[in-house]
Amino acid sequence: MSIGSRIIFGIVAIACGLSLSACLPNSNSSAPSLSAKAQSAPSASPSVSFEGNPPAWAETATTVMRQLEDWRGLPFTEDVQVTFETQSDPGLNGWYNSETKQLSVTTDASEQLGQGVLLHEIFHALQDQQFDLYTLHIQSMDDPDYDKAVSALIEGEAMLAVSELMNYDFLAHARLPETGPISEDLFQNIFLYGEGLRFIQAIRDEGGWEAVSQAFQDPPQSTALILTPERYIAGERKAEPIEVPLQAGEKLQAQQIRGEYEVQWLFAANPNTRAQLPTLTESYIADTFAMITTDGGQTMHRWVVELASPEAATLLKEPFEAALLFESGGMPVSVSVVQSAVVAEW
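Residues numbered from 1 in each chain as written. Predicted model: local features only at pLDDT ≥ 70, side-chain atom pairs only at ≥ 80, totals over all residues. Heavy atoms only, no water.

**A look at the overall build of the protein**
Each helix and strand in the protein was counted, giving 11 helices and 10 strands. Among the 346 residues that make up the protein, the fraction classed as buried is 51%. For the protein, long-range pairs separated by at least 24 residues make up 69% of all intrachain contacts whose partners lie at least 6 apart in sequence. For the protein, the exposed area adds up to about 15400 Å²; of that, 48% sits on carbon and sulfur atoms. (Helix = DSSP H or I, 4+ residues; strand = E, 2+ residues; numbered from the N terminus. Buried < 20%, exposed > 50% of the residue type's maximum accessible area, 1.4 Å probe, protein only. Contact = heavy atoms within 4.5 Å. Areas by Shrake-Rupley, 256 points an atom, 1.4 Å probe, with all protein chains shown as cover.)

**What to know about the layout of surface pockets**
The computed volume of the second largest pocket comes to approximately 500 Å³. Elements supplying a minimum of two residues to the lining of the second largest pocket: α6 (184-217), α9 (260-269) and α10 (277-283). With five residues, the single largest contributor to the lining of the second largest pocket is α6. By residue class, the composition of the lining of the second largest pocket is 12 nonpolar, two polar and five charged. (1 Å grid on protein atoms, 1.4 Å probe; cavity = no way out; pocket = protein on both sides within 12 Å on 5 of 7 lines; lining within 4 Å. Points joined across faces, edges and corners; volume = space filled by probe spheres on them. Nonpolar A, V, L, I, M, F, W, Y, C, P; charged D, E, K, R; others polar.)

**Some remarks on the pattern of salt bridges**
Tallied over the entire structure, the rule returns 10 salt bridges. Each of Glu250, Arg302 and Glu345 takes part in salt bridges that share partners, so that together they form one network. (Salt bridge = Lys/Arg side-chain N within 4 Å of Asp/Glu carboxyl O.)

**So, the pairing of strand β9 (residues 334-338)**
The side chains of a regular strand alternate, residue by residue, between the two faces of the sheet. By the bridge criterion, five bridges tie β9 to strand β10 (residues 341-345) in an arrangement that is antiparallel. When the bridges of β10 are listed, valine 335 appears paired with alanine 344. The antiparallel pairing of β9 with β10 creates a hairpin that spans two residues between the two strands, and glutamine 339 there sits at a positive phi of about 55°. (Pairing = 2+ DSSP bridges.)

**Some details on the pairing of strand β2 (residues 48-52)**
Sheet topology note: the β2/strand β3 (residues 80-85) ladder contains five bridges and is parallel. Bridging across to β3, glycine 52 finds its partner in phenylalanine 84. The parallel pair β2 and β3 is bridged by helix α2 (residues 61-72), and the resulting crossover is left-handed. (Right-handed = clockwise from strand over helix to strand, strands pointing away.)

**Considerations on helix α11 (residues 310-328)**
Here α11 is 19 residues long and its end C-alpha atoms lie 26 Å apart, about the 27 Å a rise of 1.5 Å per residue gives. The axis of α11 is deflected most strongly, by about 40°, at leucine 316, and proline proline 319 appears within four residues downstream. Residues of α11 that are buried make contact with α9, α10, β8 (299-307), β9 and β10. (Expected span 1.5 Å × (residues − 1). Bend = angle between axes of the 7 residues up to and from the residue.)

**A look at the packing of aromatic side chains**
Enumeration over the complete set of coordinates arrives at 13 aromatic pairs. Measuring from ring centre to ring centre gives 6.0 Å for phenylalanine 289 and tryptophan 303, while their planes differ by 80°; the resulting arrangement is edge-to-face. Of this pair, phenylalanine 289 sits in strand β7 (residues 284-294) while tryptophan 303 sits in strand β8, placing them 14 residues apart in sequence. The burial state of phenylalanine 289 is the same as that of tryptophan 303; both residues are buried. Considering the side-chain rings of phenylalanine 289 and tryptophan 346, the 5.8 Å spacing of their centres and the 45° angle between planes classify their relative orientation as tilted. Remark: tryptophan 346 occurs in the segment after β10 and phenylalanine 289 occurs in strand β7; sequence separation between them is 57 residues. The structure contains a cluster of three or more aromatic residues connected by ring pairs, namely Phe267, Phe289, Trp303, Phe320 and Trp346. The ring of phenylalanine 289 has arginine 258 lying over it, and the distance from NZ or CZ to the ring centre is 5.1 Å. One cation-aromatic arrangement involves arginine 258 over tryptophan 303; the distance from NZ or CZ to the ring centre is 4.5 Å. (Phe/Tyr/Trp six-rings, centres within 6.5 Å; stacked < 30°, edge-to-face > 60°. Lys NZ or Arg CZ within 6 Å of the ring centre and 35° of its normal.)

**Examining empty space enclosed by the protein**
Empty space left among the atoms is revealed by rolling a probe the size of a water molecule over them. Across all of its chains, the model carries one cavity of 30 Å³ or more by this definition. Those elements that provide at least two residues to the lining of the largest cavity are α9, β8 and α11. Taken together, the residues of the lining of the largest cavity sort by class into eight nonpolar, no polar and no charged.

**Considering the confidence of the model for the protein**
Confidence in the prediction of the protein, expressed as mean pLDDT, is 89, and 87% of residues score 70 or more. Scored below 50 in pLDDT, residues 1-5 makes 11 contacts in the model with residues more than four places away or belonging to other chains. Every residue in residues 12-43 is under pLDDT 50, and counting partners more than four places away or in other chains gives 60 contacts. (pLDDT = per-residue confidence, 0-100.)

**Things to note about the packing of α6 against α9**
Running from N to C, α6 and α9 point in directions that differ by 135°, and their axes come no closer than 11 Å. Considered as vectors, α6 and α9 are oriented oblique to each other. When you trace α6 past α9, the crossing you get is right-handed. Facing Glu184, Phe187, Gln188 and Phe191 of α6, the residues of α9 in contact are Tyr261, Gln264, Trp265 and Ala268. Residues of the contact of α6 with α9, tallied by class, amount to five nonpolar, two polar and one charged. (Axes fitted to C-alpha atoms, helices over the stretch in contact; angles between N-to-C directions. Parallel < 35°, antiparallel > 145°, perpendicular 65-115°, else oblique. Left-handed = near helix turned anticlockwise from the far one by under 90°.)

Encoded structure:
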């Protein structure tokens, strides 16, 4: 997606069989959709206005704004306009465009899902007014791993708002299946919403809302920091490339950090290596992917993944090879262990 149309997607089929409605309290639940305090909150400025055909439950929008201000301890600084429209994408129930400030919610879903989407998207507007989400994405747009980390920061906080204010355990549903094929869309959504939520929780537990606000000013620039918040809390902010070993007659042409998200997706895509994800999360340090040429004109790729110990590298060598073979459809690949790193070459 181009930065000119940068959209912060809302609740888009993230878990519970790709339908959040299964996660939200049902009509028989004793859990209220809005707190009693929020229900009785007086109207205040800034306010919300509507375009399109708002459903009856849209009248809660002003209450939602006050509820979010109270929960987050930050005020809206501008009015919010919500456009209600019919659903054109079966997996997309709402979105917020941080460049145009367009906030849209579809009207095809149930009232409970609609209220969850409304809360989620209005919270994105609050985030944007406080932290300038468009500039955050401008800063990260040239680095896919950095950009995913920023998206997880944004979506994780918004999902925490929905989870706590609508009183249900989202993380209980944001899990990968143990067996069978999965789509990258599912994997990415669980990362953005689930791991992002865990990251925000860890930062808030460590330093309160002030620390969360600081994370928007000084965001994590690596998905590894989202997946292991302790590294961010300890002061890490970005991933650094690691040295790619070269043999005689080889020349480094280009290199990039793929990031832990890409390594995790490699393992998750293969049902036979998915069980190794916890070990990977515990041991991943950094990685660098390189394109190399030889004096003989051959081009090869070398991917170095540094892990916490030689033991971890040895343990993950065979799963890494199996995951690469699965991804490539059986293309020959050589995988070795060099000290605490797994080195793949093809």
